[in-house]
Amino acid sequence: MKKITPHLYQLNLGFVNAFLIEDIVPDADAAGDLVPGFTLVDTGMPGQLPKIFAQMKKTGKDPRDIHRIIVTHAHTDHTGSAAAISKALDIPLWAHADTAQLVEQGLPGQASLQVSPGLLNQLIYQLLIRRGGTIDAFNIDHRFVDGEVLPIGGPGGVKVIYTPGHGAGHLALLLQDDRVLIAADICTNASGLNWSTEYEDRELGRQSILKAAAFDFDKAVFGHGRPLTSAANARLRVKFER
Ligand SMILES: [Zn+2]
Ligand SMILES: [Zn+2]
């Protein structure tokens, strides 16, 4: 795994990324009720628990220090190993209420997807997404509301930004101390900054990108593709403003 900022690591799980937010608290008083450890953000495809744990161990981190899992949205490439890791470590799962509704019924998303322009997107859609189907249902222990600040990472916490469009219940997460956005699938940076392969509602997705880009951050990481390492919010605005 790769360190992006003081509190954030990126795990490369093939065509999809997951993330670890590390709690770094100066002293016991600052920690409050928090027992310092890691928050895993997204979990890759089904069967990727060993890969996630192995990448942590390789960096000298203990998977047993993961205290919770956040899933950014219901798609299989982000929720695939959530239930298995939650069960193995006996830790809670957090997500937006709309995501909770889907995964608790074993659904990876809603129907009527809009595929983004380009041959590659058509290909990915036909090969990977079209078949849709179901996921193994699991329960969400804490449901987020838009704007909630989670007392994890550093003293400034992590702001939850509700960003629907790509999928119902989609969240971006802002690590306020590190000025980095976990953008998940609001868009991709796989071969340059661009639309995600598909949206339930692309115009709503565009509004969500601009909503997130209005916050103060310098770097951004994505579910698919490479990090943006500077002026990320301005670059998102330039790319997606009409
Ligand atoms: Zn997705
Ligand atoms: Zn994805």
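Scroll up to find the structure.
Residues numbered from 1 in each chain as written. Chains lettered and ligands numbered in written order. Predicted model: local features only at pLDDT ≥ 70, side-chain atom pairs only at ≥ 80, totals over all residues. Heavy atoms only, no water.

Caption draft 1: Here's a closer look at the overall build of the chain. Counting secondary structure elements, the chain contains 8 helices and 14 strands. Dimensions of the chain, computed from C-alpha atoms along their principal axes, come out at roughly 50 × 40 × 35 Å. For the chain, the proportion of its 242 residues judged to be buried stands at 52%. Counting only contacts in the chain whose residues sit at least 6 apart along the sequence, the fraction spanning at least 24 positions is 64%. Within the structure as shown, the chain displays about 10,700 Å² of accessible surface, and the carbon and sulfur contribution to it stands at 52%. Across the chain, the mean location of the 23 positive side-chain charges is 9 Å away from that of the 26 negative side-chain charges. (Helix = DSSP H or I, 4+ residues; strand = E, 2+ residues; numbered from the N terminus. Buried < 20%, exposed > 50% of the residue type's maximum accessible area, 1.4 Å probe, protein only. Contact = heavy atoms within 4.5 Å. Areas by Shrake-Rupley, 256 points an atom, 1.4 Å probe, with all protein chains shown as cover. Lys, Arg positive; Asp, Glu negative; His and termini not counted. Charge placed at Lys NZ, Arg CZ, Asp CG, Glu CD.)

Caption draft 2: How the structure looks around the environment of Asp-141. Of note, Asp-141 is situated in the loop between α6 (119-129) and β8 (142-144). As for Asp-141 and Tyr-9, which are separated by 132 residues in sequence, their C-alpha atoms are 24 Å apart. Discounting chain neighbours no more than four positions away, the residues touching Asp-141 are Pro-92 and Leu-93.

Caption draft 3: Inspection of the coordination of the zinc ion (ligand 2) at higher detail. Binding of the zinc ion (ligand 2) to the protein goes through Asp-77 (OD), His-78 (NE2), Asp-185 (OD) and His-224 (NE2), at separations of 2.1 to 2.4 Å. Angles of 84 to 164° at the metal separate the 4 donor atoms of the zinc ion (ligand 2), which places the site in the irregular class. One chain supplies every donor to the zinc ion (ligand 2), and in sequence these donors are spaced D-H-x106-D-x38-H. The distance between the zinc ion (ligand 2) and the zinc ion (ligand 1) is 3.3 Å, with Asp-185 acting as a donor to both metals. Of this pair, Asp-185 sits in the loop between β12 (180-184) and β13 (198-199) while His-224 sits in the loop between β14 (219-222) and α8 (232-240), and the two are 39 residues apart along the sequence. Relative accessible area serves as the criterion here: at 2%, Asp-185 is assigned to the buried category. When its relative accessible area of 14% is taken as the criterion, His-224 is described as buried. (Donors = N, O, S within 2.8 Å, 3.2 Å for Na, K, Ca; no water. Tetrahedral: all angles 85-135°; square planar, octahedral: opposite > 155°, others 65-115°.)

Caption draft 4: Main features of the sheet that holds strand β11 (residues 171-175). One open sheet holds the 5 strands; their spatial order is β9-β10-β11-β12-β14, and the pairing between them is mixed. Only two strands of the sheet have a single partner each, and these edge strands are β9 (149-150) and β14. Bridge count between β12 and β14: 4 bridges; the pairing is parallel. In the strand pairing of β14, Ala-184 is matched with Phe-222. (Pairing = 2+ DSSP bridges.)

Caption draft 5: Region of the structure containing the sheet that holds strand β3 (residues 17-22). Here 7 strands make up an open sheet; going across it, the order is β1-β2-β3-β4-β5-β6-β8 and the pairing mixed. Two strands in the sheet have a free side with no partner beyond their single neighbour: β1 (2-5) and β8. Each strand of the sheet is rotated relative to its neighbour by a mean of 25°, with strand direction disregarded. Bridging between strand β2 (residues 8-12) and β3 involves 5 bridges; their strand directions are antiparallel. In the sheet register, Leu-8 faces β3, and the bridge partner there is Ile-21. Along the sheet, helix α4 (residues 82-89) makes contact with β4 (38-41), β5 (66-70) and β6 (93-96), crossing β5 at roughly 160°. (Axes fitted to C-alpha atoms, helices over the stretch in contact; angles between N-to-C directions.)

On their own, these measurements won't tell you what the molecule is for.
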